[in-house]
Amino acid sequence: LSIAVSWGNTGARGGNCGCPAGALGAIAVGAVDANGQIAAFSTRGPTWDLRVKPDVSAMGVQVEHAVSRTRDRYGRGNGTSYATPLVTGCIALVLSAHPDWGPETVREALTMSASRAASPDNRYGWGVVNARDAILYPQIEGRVTDFTTHEPVAGARVRWEPAGAVDSLGAAPSDSPPRGIAETDSTGAYVIPNLPRGTYRIGVTADRYLESGSEPIQVPPGIGDVNFELRYRGE
């Protein structure tokens, strides 16, 4: 069971346990405004035992909501209690796509796909949640374009295969296989979702273009786009 809990509204005083949000395994939620900036009231971490908190953040300033005990009135409210239901919704979407994932896997996907995953801190945690990226985590994605024109190359074949050890035994049933082929869409974009842990190499081929490839990519984290610019070969 994945549990999201409001981290609290004590602001920069910080250093609070924020129980029960400070409990091991709980997903503590901070609040940001519409510009993604941390709310002044959102409690700062760390926990009493110096763990980074909150875990993630979501919109918690001027959040529109239905007014209780009315039929058709709406209002706006502030607080980490408004941010937490948004994160809970993200968790529900992740579990809908991956009912075989356990709490730790969900937490990892949520935190490591958030906006500040590369540099978590005690204001934002791992950052603002991204439901789409959490569902795909860990993934390799990017775009394939023409080297000269920079136009997208649709229908390019993106091949992935192990470039080192791959933990196939630890993979979930919904994960991608350790090797396979995807195609780029009309915008030149591709995504290889839910890869088992390991090291991969990407190769790209397209009609009338020279083949291209990547250096070994460690997954996770697999953070950041892996883009390719193909040189035109002609007929």
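Just so it is clear, the model here is predicted, and its values are computed rather than measured.

Q: I'd like a description of the packing of aromatic side chains, backed by residues and values.
A: Considering all chains together, one arrives at 1 aromatic pair under this definition. Here the basic side chain of arginine 107 rests over the ring of tryptophan 126, its NZ or CZ set 5.7 Å away from the ring centre. One residue, arginine 116, lies across the ring of tyrosine 124, its end atom 3.6 Å from the ring centre.

Q: Summarise the pattern of salt bridges; cite the residues concerned and give the values.
A: Taken as a whole, this structure holds 10 salt bridges when the rule is applied. Two residues, aspartate 121 and arginine 123, come together in a salt bridge whose shortest N-O distance is 3.6 Å. Here arginine 123 falls in the partly exposed class, since its relative accessible area comes to 37%. Among the ionic pairs, arginine 159 bridges to glutamate 211, the shortest N-O distance being 3.3 Å. Here the residue arginine 159 occupies a position in strand β7 (residues 157-166), and glutamate 211 occupies one in the loop between β10 (198-205) and β11 (212-213), the gap between them amounting to 52 residues. Each of Lys53, Asp55 and Arg107 takes part in salt bridges that share partners, so that together they form one network.

Q: Kindly report on the environment of alanine 12, identifying the contributing residues and their values.
A: Structurally, the position occupied by alanine 12 is in the loop between β1 (4-6) and β2 (27-32). It is 8.8 Å that separates the C-alpha atoms of alanine 12 and glycine 45, two residues lying 33 residues apart in sequence. Ignoring anything within four residues of it in the chain, the contact list for alanine 12 reads Ala40 and Arg44.

Q: So what's going on with the side chain of serine 42? Which residues, and what values?
A: When you line up the elements, serine 42 lands in the loop between β2 and β3 (56-59). Of note is the side chain of serine 42, whose polar atom sits 3.0 Å from the backbone nitrogen of alanine 31. If we ignore the near neighbours within four places in the chain, the residues touching serine 42 are Gly8, Gly11, Gly30, Ala31 and Thr80.

Conventions adopted
Residues numbered from 1 in each chain as written. Predicted model: local features only at pLDDT ≥ 70, side-chain atom pairs only at ≥ 80, totals over all residues. Heavy atoms only, no water. Phe/Tyr/Trp six-rings, centres within 6.5 Å; stacked < 30°, edge-to-face > 60°. Lys NZ or Arg CZ within 6 Å of the ring centre and 35° of its normal. Salt bridge = Lys/Arg side-chain N within 4 Å of Asp/Glu carboxyl O. Buried < 20%, exposed > 50% of the residue type's maximum accessible area, 1.4 Å probe, protein only. Helix = DSSP H or I, 4+ residues; strand = E, 2+ residues; numbered from the N terminus. Contact = heavy atoms within 4.5 Å. Polar contact = N/O pair within 3.5 Å; in protein donor to acceptor, adjacent residues only side chain to side chain.

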